[in-house]
Amino acid sequence: VQLQASGGGLVQAGGSLRLSCAVSGSTFSTYIMGWFRQAPGKEREFVAAIDWSGSTTIHTDSGRFTISRDIAKNTVYLQMSSLKPEDTAVYYCAAGRRFVSEKSEYNYWGQGTLVTVSS
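Attention in this report is confined to the structure presented alongside it. Bear in mind that the values here come from a model prediction, so they are computed numbers and not experimental data.

## What to know about the state of the cysteines
- Scanning the entire structure with this criterion turns up one disulfide.
- Note on cysteine connectivity: Cys-21 is disulfide-linked to Cys-93, with sulfurs 2.1 Å apart. Linking Cys-21 and Cys-93, the disulfide has an S-S dihedral of approximately 65 degrees and is accordingly described as right-handed. Of this pair, Cys-21 sits in strand S3 (residues 17-24) while Cys-93 is found in strand S9 (residues 89-96), placing the two residues 72 residues apart along the sequence.
- Since its relative accessible area comes to 0%, Cys-21 is described here as buried.

## Let's talk about the nonpolar core
- Membership of the largest hydrophobic core comes to 27 residues, with the highest contact counts inside it found for Cys-21, Met-33, Trp-35, Val-76, Leu-78, Met-80 and Tyr-91.
- Elements that contribute at least two residues to this core include exactly strand S1 (2-6), S3, strand S4 (32-38), strand S5 (45-50), strand S7 (65-70), strand S8 (75-80), S9 and strand S11 (113-118).
- Apart from residues no more than four positions distant in its own chain, Tyr-91 is found in contact with Leu-19, Trp-35, Phe-36, Arg-37, Val-47, Phe-65, Leu-78, Met-80, Gly-112, Thr-113 and Val-115.
- The next biggest cluster of nonpolar side chains, apart from the first, holds seven residues, and it includes Ile-32, Ala-49, Ala-94 and Val-100.

## Let's talk about the sheet that holds S3
- The strand order S1-S3-S8-S7 describes an open sheet built from four strands, whose pairing is antiparallel. The sheet is open, and its two borders are formed by S1 and S7, each paired with just one other strand. The average angle at which neighbouring strand axes cross in this sheet is 15 degrees, direction not considered.
- Where S1 and S3 come together, five bridges link them in antiparallel fashion. Residue pairing for S3: Gln-2 is matched across the bridge by Ser-24.

## Comments concerning the environment of Arg-37
- Tracing the backbone shows Arg-37 in strand S4.
- For Arg-37, a relative accessible area of 15% gives the class buried.
- Note: C-alpha distance between Arg-37 and Ile-50 (13 residues apart in sequence) is 16 Å.
- If sequence neighbours within four positions are ignored, Arg-37 has contacts with Glu-43, Arg-44, Glu-45, Val-47, Phe-65, Glu-86, Asp-87, Ala-89, Val-90 and Tyr-91.
- In terms of polar contacts, Arg-37 uses its side chain to reach the side chain of Asp-87, at 2.9 Å.
- Reaching out from Arg-37, the side chain makes a polar contact with the side chain of Tyr-91 at a distance of 3.0 Å.

## Comments concerning the pairing of S5
- In terms of burial, S5 is a largely internal element, five of the six residues being buried.
- The pairing of S4 with S5 spans five bridges and is antiparallel. Paired with Arg-37 across the two strands is Glu-45, which belongs to S5.
- Here S4 folds back onto S5, and the loop between the two strands holds six residues, one of which, Gly-41, carries a positive phi near 75 degrees.
- Note that S5 and strand S6 (residues 57-59) share three bridges and pair antiparallel. The residue bridging Ile-50 from the neighbouring strand is Thr-57, located in S6.
- Linking S5 back to S6 in an antiparallel pair, the connection comprises six residues, with Gly-54 at a positive phi of about 90 degrees.

Conventions and cut-offs
Residues numbered from 1 in each chain as written. Predicted model: local features only at pLDDT ≥ 70, side-chain atom pairs only at ≥ 80, totals over all residues. Heavy atoms only, no water. Disulfide = S-S within 2.5 Å. Helix = DSSP H or I, 4+ residues; strand = E, 2+ residues; numbered from the N terminus. Buried < 20%, exposed > 50% of the residue type's maximum accessible area, 1.4 Å probe, protein only. Core = buried A, V, L, I, M, F, W, Y, C linked by side-chain atoms within 4.5 Å. Contact = heavy atoms within 4.5 Å. Pairing = 2+ DSSP bridges. Axes fitted to C-alpha atoms, helices over the stretch in contact; angles between N-to-C directions. Polar contact = N/O pair within 3.5 Å; in protein donor to acceptor, adjacent residues only side chain to side chain.

Okay, structure coming up:
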């Protein structure tokens, strides 16, 4: 399974970004998809996950971040709004078989895309 994340960039506080993660090499619809992020000097942390069908999601901040998936396009998205400087991090997409927030349960990872939020 190969994952390619994109969509990061520089945004002002209060702005929005949509990250994308294109999946290839296997049956996309059979995987749980997740987003994680890692800020400088910090551990990689869970942001959101979505189940096979796209009907069930987990978010650490559902008021600002929304995960979704397009099975036809083999792509998962993370819509981020009302961004804060503390959201600055490298954002990673990941694929796994269990609908959980633990990063150890995700078997495949993308290369990450950097999001920088300026104050």
